[in-house]
Amino acid sequence: MNSLIVFKNNLRIDDNPVIFYGSKNSKIITTYIYDNINVYRELGSASKYWLHNSLKNLNESLNNNLLFLMGDTSKKIIELINTYNINNIFCEKPFLEDDINIIKKLKIDLLFFKDIKINFFNTSLLWDPRYISKKDKTYYTVFTPFFKKGCLESTIPDIPVGSPSKLDFAPVNNNTSIDDLNLLDKYNWTHKFDKLWTISEKHALKQLNTFIENFLYNYKDGRNFPASNFNSKLSPYIKFGLISVNRIWHELNKLVPDKNVNHFKSELGWREFSYYLLYYFPEMKNNNFQKKFDNLTWENCDHKFELWKHGKTGYPIIDAAMKELWDTGYMHNRTRMIVASFLIKNLLIDWRFGEKWFWDCLLDADHASNIASWQWVAGTGTDAATYVRIFNPTLQGEKFDQNGEYTLKYIPKLKNVPLPFLHKPWEFDKKLNYPDPIIDYTTSKDRAIVKFLIIN
DNA sequence: TGAAATGTTGGGGCG
DNA sequence: ACGCCCCAACATTTC
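These figures come from a predicted structure and were not determined experimentally.

1. Section: the overall build of chain A
Phase 1: Looking only at helices and strands, chain A features 18 helices and five strands.
Phase 2: Taking 2.2 N^0.38 as the reference for a compact globule, 456 residues should give roughly 23 Å; the C-alpha atoms of chain A span a radius of gyration of 23 Å, in line with that estimate.
Phase 3: Once the C-alpha set of chain A is aligned to its principal axes, its extents read approximately 75 × 50 × 45 Å.
Phase 4: Considering only contacts within chain A whose residues lie at least 6 apart along the sequence, 78% involve residues at least 24 apart.

Printed below as a string of structure tokens:
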């Protein structure tokens, strides 16, 4: 009898309890099922590109034994059960709504197969949201108590299990190919990422080590400067589980703790918090967490949205960031906040439009983090800010890209603007081949404050 | 993980 | 030499 190993969001061999335990005492059949049916929405182009390359790498690690299937997960698994001798299924414990529903359906369908056991392992989170609860049985909606009390004062995250000592593959007739999944963008938009990113499990670990060695001890302050290397850029690797958060967590625990190490850990905590929120409040994926903001009337100007998407707002730091996203499939965390604030507050465009664009373009696009973070910037989320937080793109540029290194990297044609004017080129009178601001900052800021304040 | 207004301080110019 | 004013720089408060 064989075990069926089902890969989903954790495309790795190291510290993956699903394959570690699944391969222990029996021959294995490994599969990845691209479920394009039971999904809230399809993966974005950038995500698909990353997925394609991750799967390629995983398949190599599995000596080309990965079965690539597409369609309804449960149906595909039952087809495998009907074809091969399978008595055990090993799966990731689901935490996202789609995955939970897929597993629910699978469990029901498996009721017809009495002798098949299904085994679940938490491969995605440091803390299972079901075991994080307040004494009064309500849910955390504020990050700090969630992380400090809910997470840090509960159990220690699982110690990495390591890699399986041997993989014994059951003979299968594998006539599937990764190309059956059609993950690569036919317009070749993603092609340019090839020379920017090395997509493999091995590289994820290398990147973690490089980060720890060279950058981590400047993380707390350095992480704010988009031209610097003080952020880890691990997010796309984490998103598809090329590295486990448990592995990262326990590597960090080997270090001398300081404010930088702790701050980086708290960023992993924000990811946990996002998953926790989406687990208990899945409706926030397309609804304001705070219902009162449903009364807010957005402007949602299509034309301005297009200009924002394509980095033609006339605000250098914003345009540079949108260009970074388009060119690299990534955007620095600081500039994510700046561009999101501008879209929502200054242009008065619904956060859901921005969320969707990020979902399409980010290699690290993560359902939970993306939704929770957009709602954080919008102020519609769990974070009950008592004032309307609006980022001033000029001040943010002057503060965090003082010498213009980031801005000029993505908008080189601004190199002739004297530095004091770089983040407000409209005040520099020479004729520039650069758009005027599509909206006046101060006027639109004042408008937003009024709009957002009357909601309260 | 904000911005802008307001308050405080201390050095230098200058009568 | 001294006191006064101005203002930049920094800190605090307010929205």
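Moving on from the model shown.
2. What to know about the sheet that holds strand β4 (residues 86–92)
Phase 1: Taking strand neighbours across the sheet as the criterion, the five strands line up as β3-β2-β1-β4-β5 in an open arrangement whose pairing is parallel. At either margin of the open sheet sits one strand with a lone partner, and together these are β3 (66–70) and β5 (117–121). The mean angle between the axes of side-by-side strands here comes to 25°, regardless of whether they run parallel or antiparallel.
Phase 2: Sheet analysis places strand β1 (residues 2–7) next to β4, joined by four bridges and oriented parallel. Its bridge partner lying in β4, Leu-4 is registered against Ile-89.
Phase 3: Here helix α3 (residues 73–83) sits on the sheet in contact with β1, β2 (27–34), β3 and β4, set at roughly 150° to β2.

3. Examining the protein's contact with DNA strand B
Phase 1: In the vicinity of DNA strand B, the residues found are Trp-270, Met-337, Tyr-387, Arg-389, Ile-390, Phe-391, Asn-392, Leu-395 and Gln-396.
Phase 2: Split into classes, the residues belonging to the surface near DNA strand B amount to six nonpolar, two polar and one charged.

4. Observations concerning the environment of Asp-14
Phase 1: One can find Asp-14 in the loop between β1 and α1 (17–22).
Phase 2: Distance from Asp-14 to Cys-151, taken between C-alpha atoms, is 24 Å for residues 137 residues apart in sequence.
Phase 3: In this structure, Asp-14 is in contact with Gly-162, Ser-163, Glu-201 and Arg-247, ignoring residues within four places of it in sequence.

5. Section: helix α12 (residues 316–328)
Phase 1: Along its 13 residues, α12 runs 18 Å from first to last C-alpha, staying within 8% of the 18 Å computed at 1.5 Å per residue.
Phase 2: Structurally, α12 contributes buried residues whose contacts are with α11 (302–309), α13 (333–346), α14 (351–361), α16 (393–400) and α17 (405–410).
Phase 3: At the exit of α12 stands Gly-329, carrying a positive phi of roughly 75°.

6. Structural notes on the packing of α13 against helix α15 (residues 367–378)
Phase 1: For the pair α13 and α15, interaxial distance at closest approach is 9 Å and the crossing angle is 60°. In terms of orientation, α13 and α15 fall into the oblique class. Here α13 and α15 pass one another in a crossing that is right-handed. Here α13 contributes Met-337, Ala-340, Ser-341 and Ile-344 to the contact with α15, which in turn contributes Trp-374, Val-377 and Ala-378.
Phase 2: Looking at the contact of α13 with α15 residue by residue, the class counts come to six nonpolar, one polar and no charged.

7. Quick word on the pairing of β1
Phase 1: Taking burial as the measure, the six residues of β1 include five buried ones, the bulk of the element.
Phase 2: With six bridges joining them, β1 and β2 adopt parallel strand pairing. Opposite Asn-2, over in β2, you have Lys-27 as the bridge partner.
Phase 3: Handedness of the crossover joining β1 and β2 through α1: right-handed.

8. Focus on the nonpolar core
Phase 1: The biggest cluster of nonpolar side chains holds 100 residues, and the ones touching the most others in it are Ile-5 and Ala-321.
Phase 2: In this view, Ala-321 contacts Met-331, Thr-335, Ile-338 and Val-339; residues no more than four positions away in its chain are not counted.

9. Things to note about unusual backbone geometry
Phase 1: Not every positive phi belongs to a glycine, and Asp-15 is a case in point at roughly 40°.
Phase 2: Along the polypeptide, Asp-15 turns up in the loop between β1 and α1.
Phase 3: On the neighbour-count criterion, Asp-15 (23 C-beta atoms within 10 Å) is buried.
Phase 4: The phi dihedral of Lys-233 falls on the positive side, at around 55°, and the residue is not glycine.
Phase 5: Summarising the element assignment, Lys-233 is placed in the loop between α7 (219–222) and α8 (235–239).
Phase 6: Note on Lys-233: 17 C-beta atoms within 10 Å, which makes it partly exposed.

10. Some thoughts on the environment of Ala-378
Phase 1: With respect to the secondary-structure elements, Ala-378 resides in helix α15.
Phase 2: Between the C-alpha atoms of Ala-378 and Asp-350, which are 28 residues apart in sequence, the distance is 8.5 Å.
Phase 3: The contacts of Ala-378, once residues within four sequence positions are left out, are Ile-344 and Trp-351.

11. Quick word on helix α9 (residues 245–253)
Phase 1: Where α9 is concerned, the buried positions are Val-245, Asn-246, Arg-247 and Ile-248.
Phase 2: Against the buried residues of α9 lie α6 (201–214), α8 and α10 (259–280).

12. Focus on the environment of Tyr-330
Phase 1: When you line up the elements, Tyr-330 lands in the loop between α12 and α13.
Phase 2: Look at Tyr-330 and you get partly exposed, because 19 C-beta atoms sit within 10 Å.
Phase 3: As for Tyr-330 and Pro-171, which are separated by 159 residues in sequence, their C-alpha atoms are 40 Å apart.
Phase 4: Those residues in contact with Tyr-330 that lie beyond four places of it in its chain are Glu-324, Leu-362, Leu-363 and Asp-364.

13. Remarks on the pairing of β2
Phase 1: By the criterion of burial, β2 is predominantly enclosed, with seven of the eight residues buried.
Phase 2: The pairing of β2 with β3 spans five bridges and is parallel. Residue Thr-30 lies in a different strand from β3, and its bridge partner there is Leu-66.
Phase 3: A crossover connection joins β2 to the parallel β3 through helix α2 (residues 45–61); in handedness this β-α-β unit is right-handed.

Definitions and cut-offs
- Residues numbered from 1 in each chain as written.
- Chains lettered and ligands numbered in written order.
- Predicted model: local features only at pLDDT ≥ 70, side-chain atom pairs only at ≥ 80, totals over all residues.
- Helix = DSSP H or I, 4+ residues; strand = E, 2+ residues; numbered from the N terminus.
- Rg over C-alpha atoms; globule rule 2.2 N^0.38 Å.
- Contact = placed C-beta atoms within 7 Å.
- Pairing = 2+ DSSP bridges.
- Axes fitted to C-alpha atoms, helices over the stretch in contact; angles between N-to-C directions.
- Near = placed C-beta within 6 Å.
- Nonpolar A, V, L, I, M, F, W, Y, C, P; charged D, E, K, R; others polar.
- Expected span 1.5 Å × (residues − 1).
- Parallel < 35°, antiparallel > 145°, perpendicular 65-115°, else oblique.
- Left-handed = near helix turned anticlockwise from the far one by under 90°.
- Buried ≥ 20, exposed ≤ 12 C-beta atoms within 10 Å, placed from the backbone.
- Right-handed = clockwise from strand over helix to strand, strands pointing away.
- Core = buried A, V, L, I, M, F, W, Y, C linked by C-beta atoms within 7 Å.

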